[in-house]
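Tertiary structure, described
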Amino acid sequence: MMEEVKDVSAGSVHGDTIKVTEVLQDGDTLTFIIVSQKLSGTGEYHVDRTYDDFEWLQQHLYTQEDVPGIQGVIFPPLPVRPQVNASAKVMKQLGFLALGEWQPYCRALETFLQQVVAHRLLSKNPALELFLTSADPPGRQKIKKNLFNRLSQAMEEMRKEGHKDVDEFFQTVRDQNLQLTGSSRTAAEKFLDVVLTEQKIAVACGHFSAALHLCVEPGQDPDHKAFSRVCVKLSEVFDSMRKSMMSFSLNDLNTLGLGLDLESRHLEAEKEMLFRRTCKLVELESARRNAERAKPVRKAAMEEVKKASETEFEQICEVAKQEPLSARPCGNAAEESDSVV
Amino acid sequence: PKQDSLMDDDPEDLFAGATEEVSLDSPERDVLLSDGPSPAITPITPPTSVIAPRIGHAHDDMFTHSSFDEIEEEEGGDSFDVHISVSDPEKVGDGMNAYMAYKVSTKTSLSVFKQRDFSVKRRFSDFLGLHSKLASKYLHIGYIVPPAPEKSIVGMTKVKVGKEDQSSNEFVEKRRSALERYLMRTVKHPILLKDPDVLQFLENSELPRAVNTQALSSAGILRMVNKAADAVNKMTIKMNESDAWFEEKQQHFENLDVQLRKLHASVESLVCHRKELSVNTAQFAKSAAMLGNSEDHTALSRALSQLAEVEEKIDQLHQDQANADFYLFSELLGDYVRLITAGGSGDLELYFYFIFFRIRGVFDHRIKTWQKWQDSQVLLLKKREAEAKLQFTNKPDKLQQAKDEIKELEGKVQQGERDFEQISKIIRKEVGRFEKERVKDFKTIIVKYLESLVQTQQQLIKYWEAFLPEAKAIS
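Since this is a predicted model, take the numbers as computed values, not measurements.

Focus on the overall build of chain A
Scanning chain A for helices and strands turns up nine helices and three strands. When the helices and strands of chain A are read in sequence order from the N terminus, they spell out β-β-β-α-α-α-α-α-α-α-α-α. Taking the intrachain contacts of chain A between residues at least 6 apart in sequence as the baseline, contacts between residues at least 24 apart amount to 70%. When the accessible surface of chain A is split by element, carbon and sulfur atoms take 54% of a total near 17100 Å².

Rendered as structure tokens:
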């Protein structure tokens, strides 16, 4: 498990205290207010950030060149870009995060930041400090997209996903991850359906309650009065059912819904890391073959490439083992198994 | 055959014929509308060639007690002692000739019945046959005859073809429930309870097969009366409603119809979503179970499996609740909307094409009764003028003929006036009865519904409380 980082996580901010307190909407733009406590205990940082700023931060994390084996990191997942009056496709992608007036979305952003701050390797990135503390927006220049962006992976690379591992531990982790990613995504989708239907029921109860109110009849006729009374009472019952259903739905959304969403996105991030490692493995094995088969004139160069590949791979594995992986076969296996290179 | 084409092709003619049938001097009418006791009249079923609203022929019991007033008082508050249940739907026969037979059981202590506890087998067309007889006898003199459940070609075909699935089971259950409510409503009516056709329906082991049920269905009658209402609107002498009560009631029922339709629509939407929730909860339960199986962490895995179980139980609760919503509300409201509008299939859009018949129709009939009375008065006036002129000619035959005609017309005018008063009186009583019943019905249903709601909520709480320790155990 990730160890609690008690001291400086991101320069001057106490990681646990990061909160996305508000979201402001101006036309189509959403701005998030982020509040965090100074480590020095002398107050708070208040900054406003848009999604572009979050992407900026994420890109900087990806391109941290000075950390060996950075590809072995499970990068805290950033939620999909939010859209005001989202299209159906975007609503589906956002899932739970599109509901509840952006409150779950804010929690997801919060979690993202807290996870980055708590990460032993990522927290040292200067971009993070800037993001959390600078009054001005940290910078909007686009950085070149790199391999980390899963969307850019070519189809041929998908074949590698199934490539057999040289390490039993990692093979287990990959298998486990594959299963969990599927199950958790399905569970999240199904639960989203439940939450949405609960909301529909709440709305229907409201309509029924309103329709009952319309049945109230004026006049002194005792039968009419009796009927009106019944209708008013029943209308009240259905109104309270509406409130109750709404509150079920919101509660479900903010607890299990959000939980399933975070879980499934985390598993996706783990999957991506494992894939990067697998790609490196494929590269390594191909480098070895090249080195073996190389003609004497090229041999030395190939050996260099092979050595570099080996080192990179080892580093990635080292880093990966320190990450909070979904499968932890018998505690000590991680330390015991060697890199088997 | 011929009569079907009569029905389907030219309902207008049919109804034109019908108005003439309601002649002002038909002897049977006097029996029904007089206040005194009368000799027994054998019941006549409507002729199959022409469907015409005829004045009813009531069972003699009704008249041995003289007026209707006495009968209504006899009925008394809640000492109504007839209970009917429709049960045991059974498929008889095969293929497209197959039909469902229902067991109709009656438990009663009323003396009008021959036994205290008895049952018979009936099929759907028998119910339609009963309804058409009652409608043709009583509707146009002001009684609010309960409408029969509608035919459904789609629903019934599935059952005939032997499709044993959820939707055809639901269809049979819906129909069974509707038939039961129909019979209960019918016997609750003090006049209809004693009708020989009703008694025959409930008691006789064999019943002659009802024919032309297509034309006799509520929708069929409705089509005819649509035309009648148009005729009423085109009347040359417009009735000045001096009786404010009728004016007010008419408005009241129009409003009520609109309101109930809205309610019906809301409830249908609610029921639909609840069923959806049940399905979604079941699917989520499955996915949670799978997730639990994939998880390594044992406490989490166990909690997820438990969660799946709880969700499965809840899914069943949601289904039960949806059923309660549906049966208690949707059908009840549907019944009432049908009572107020015409025939009414399950299809709400059709309501907008139907003018009110049951209740507004009886109002229309009253207007027509008045119209006839007015017409006779006008005719009488003309005849008197003609007679006056004849006085000065030397045509004793013609004069005598004129005098005879006038005498006849005077009788008609008096009868017309009596008819009008009678129908007005009956309608007032019927409306009063309907209003009381409506409130009672609603109250009963609502109490049942709320009780079921409370139970559901309590059960929900129990399930979640049982789950809590599992959730807490996840380290």
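After that view of the structure, there is still more to cover.
Overview of the interface of chain A and chain B
Listed as interface residues are 40 residues of chain A and, on the opposing side, 39 residues of chain B. A combined buried area of about 3400 Å² lies between chain A and chain B, and 72% of that area is made up of carbon and sulfur atoms. The three residues of chain A that bury the most area against chain B are Phe208, Asp223 and Phe227 of chain A, which together make up 16% of that side's buried surface. Here chain A and chain B share one salt bridge between them. Residue Lys200 of chain A is joined to Glu276 of chain B by a salt bridge in which the shortest nitrogen-to-oxygen separation is 2.9 Å. In this structure, the connection of chain A to chain B is made through five residue pairs in polar contact (both at pLDDT 80 or more). Every element with two or more residues in the side of chain A that touches chain B is listed here: α6 (168–213) and α7 (222–293) of chain A. Considering each element in turn, the side of chain A that touches chain B owes the most residues, 21 residues, to α6 of chain A. For the side of chain A that touches chain B, a count of residues per class yields 24 nonpolar, eight polar and eight charged.

Remarks on the packing of aromatic side chains
Residues and elements named next belong to chain A. Summed over the entire model, instances satisfying the criterion amount to 13 aromatic pairs over all chains. An angle of 65° between the planes, with centres 4.9 Å apart, marks the rings of Phe54 and Phe131 as edge-to-face. Taken together, the positions of Phe54 in helix α1 (residues 51–62) and Phe131 in helix α4 (residues 126–133) put the pair 77 residues apart, joining distant regions of the chain. Like Phe54, the residue Phe131 is buried in the burial classification.

With respect to helix α6 (residues 124–138) of chain B
An α-helical turn contains 3.6 residues, so a residue and the one three or four places further along point in the same direction. The end-to-end C-alpha distance of α6 of chain B, which contains 15 residues, comes to 21 Å, matching closely the 21 Å that a straight helix rising 1.5 Å per residue would cover. The buried count for α6 of chain B comes to 14 of 15 residues, which makes it a mostly enclosed element.

Some thoughts on the environment of Arg277 of chain A
Residue and element names in this part refer to chain A. As for its placement among the helices and strands, Arg277 is situated in helix α7. Residue class for Arg277 comes out buried when judged on its relative accessible area of 0%. Arg277 sits 37 residues away from Glu314 along the chain, and the two C-alpha atoms are 9.7 Å apart. When near neighbours in sequence (up to four residues on either side) are disregarded, Arg277 contacts Asp165, Asp167, Phe170, Phe313, Ile316 and Cys317.

Brief notes about the pairing of strand β2 (residues 99–108) of chain B
All names here are of chain B. The buried fraction of β2 is high, at seven of ten residues. Taken together, the nine bridges between strand β1 (residues 82–92) and β2 define a ladder with antiparallel strand orientation. In the strand pairing of β2, Ser87 is matched with Lys103. Connecting β1 to the antiparallel partner β2 that follows it, the hairpin turn spans six residues, and Gly93 within it adopts a positive phi of roughly 85°. Alignment of β2 against strand β3 (residues 117–123), held across seven bridges, turns out to be antiparallel. Residue pairing for β3: Ser105 is matched across the bridge by Ser119.

Analysis parameters
Residues numbered from 1 in each chain as written. Chains lettered and ligands numbered in written order. Predicted model: local features only at pLDDT ≥ 70, side-chain atom pairs only at ≥ 80, totals over all residues. Heavy atoms only, no water. Helix = DSSP H or I, 4+ residues; strand = E, 2+ residues; numbered from the N terminus. Contact = heavy atoms within 4.5 Å. Areas by Shrake-Rupley, 256 points an atom, 1.4 Å probe, with all protein chains shown as cover. Buried area = accessible area lost by both parts, 1.4 Å probe. Salt bridge = Lys/Arg side-chain N within 4 Å of Asp/Glu carboxyl O. Polar contact = N/O pair within 3.5 Å; in protein donor to acceptor, adjacent residues only side chain to side chain. Nonpolar A, V, L, I, M, F, W, Y, C, P; charged D, E, K, R; others polar. Phe/Tyr/Trp six-rings, centres within 6.5 Å; stacked < 30°, edge-to-face > 60°. Buried < 20%, exposed > 50% of the residue type's maximum accessible area, 1.4 Å probe, protein only. Expected span 1.5 Å × (residues − 1). Pairing = 2+ DSSP bridges.

By themselves, these are just geometric observations and shouldn't be taken as functional.
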